[in-house]
Amino acid sequence: MLKKKRDLIFISHATPEDNLFTLWLATRLKLMGYQVWSDVTQLLGGEKWWDDIEQAINEFTCKFILVITKTSLSKLGVKREIELALAIETAHKLPNFIIPVI
């Protein structure tokens, strides 16, 4: 069985409060040659967004960037993404998988 390549940087943030910073960060990372996933750059609307997020984190993410703001840690979606990232980090033994950005 072929193993999927983990080459994606996932950015978790509060929507819409942190969208501007996330778009800035995602753009900078893409300009440096990284593959980046964030809802502001990948989701179009009308999608099964949690399925997309779960697949991106579970199968393709090599680093999970957590944008920490006053709002982000209180958002249910961010909390779900953190729980999933922690589970993936443990299950796949990915050191330094979660990178907090304040």
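This structure is a prediction, so every number in the text was calculated from the model and none was measured.

### Describing the overall build of the protein chain
Then, number 1: From N to C terminus, the protein chain includes four helices and four strands.
Then, number 2: In the protein chain, the order of α-helices and β-strands from amino to carboxyl end is β-α-β-α-α-β-α-β.
Then, number 3: Its C-alpha atoms give the protein chain principal-axis dimensions of about 40 × 30 × 30 Å.
Then, number 4: Buried positions account for 33% of the 102 residues belonging to the protein chain.
Then, number 5: Within the protein chain, contacts between residues at least 6 apart in sequence are counted, and of these 70% link residues at least 24 apart.
Then, number 6: Within the structure as shown, the protein chain displays about 6600 Å² of accessible surface, and the carbon and sulfur contribution to it stands at 61%.

### Side note on the sheet that holds strand E2 (residues 35-37)
Then, number 1: Taken in spatial order, the four strands make up an open sheet running E2-E1-E3-E4, and their pairing is parallel. What marks the edges here is a single partner per strand, and that holds for E2 and strand E4 (98-101). Each strand axis lies, on average, 25 degrees off the axis of its neighbour in the sheet, ignoring direction.
Then, number 2: In the sheet, strand E1 (residues 8-12) pairs with E2 via three bridges, with the strands oriented parallel. Bridging from a neighbouring strand, Ile9 pairs with Val36 of E2.
Then, number 3: In the packing of helix H1 (residues 19-31) onto the sheet, the strands contacted are E1, E2, strand E3 (61-67) and E4, and the crossing angle to E1 comes to about 170 degrees.

### Some points on the nonpolar core
Then, number 1: The biggest cluster of nonpolar side chains holds 16 residues, and the ones touching the most others in it are Phe10, Trp37, Ile53, Ile57, Phe64, Ile88 and Phe97.
Then, number 2: Listing elements by their share of this core, those giving two or more residues are E1, helix H3 (49-60), E3 and helix H4 (76-91).
Then, number 3: Examining the composition of this core, we find that five residues originate from one element, H4, more than from any other.
Then, number 4: One finds Ile9, Ile11, Leu25 and Val36 within the second-largest nonpolar core, a separate group that totals eight residues.

### Considerations on the packing of aromatic side chains
Then, number 1: Summed over the entire model, instances satisfying the criterion amount to four aromatic pairs.
Then, number 2: An aromatic cluster is built from Phe10, Trp37, Phe64 and Phe97, whose rings are joined through pairwise contacts.
Then, number 3: Positioned above the aromatic ring of Trp50, the side-chain terminus of Arg80 is 3.8 Å from the ring centre.

Criteria and thresholds
- Residues numbered from 1 in each chain as written.
- Predicted model: local features only at pLDDT ≥ 70, side-chain atom pairs only at ≥ 80, totals over all residues.
- Heavy atoms only, no water.
- Helix = DSSP H or I, 4+ residues; strand = E, 2+ residues; numbered from the N terminus.
- Buried < 20%, exposed > 50% of the residue type's maximum accessible area, 1.4 Å probe, protein only.
- Contact = heavy atoms within 4.5 Å.
- Areas by Shrake-Rupley, 256 points an atom, 1.4 Å probe, with all protein chains shown as cover.
- Pairing = 2+ DSSP bridges.
- Axes fitted to C-alpha atoms, helices over the stretch in contact; angles between N-to-C directions.
- Core = buried A, V, L, I, M, F, W, Y, C linked by side-chain atoms within 4.5 Å.
- Phe/Tyr/Trp six-rings, centres within 6.5 Å; stacked < 30°, edge-to-face > 60°.
- Lys NZ or Arg CZ within 6 Å of the ring centre and 35° of its normal.

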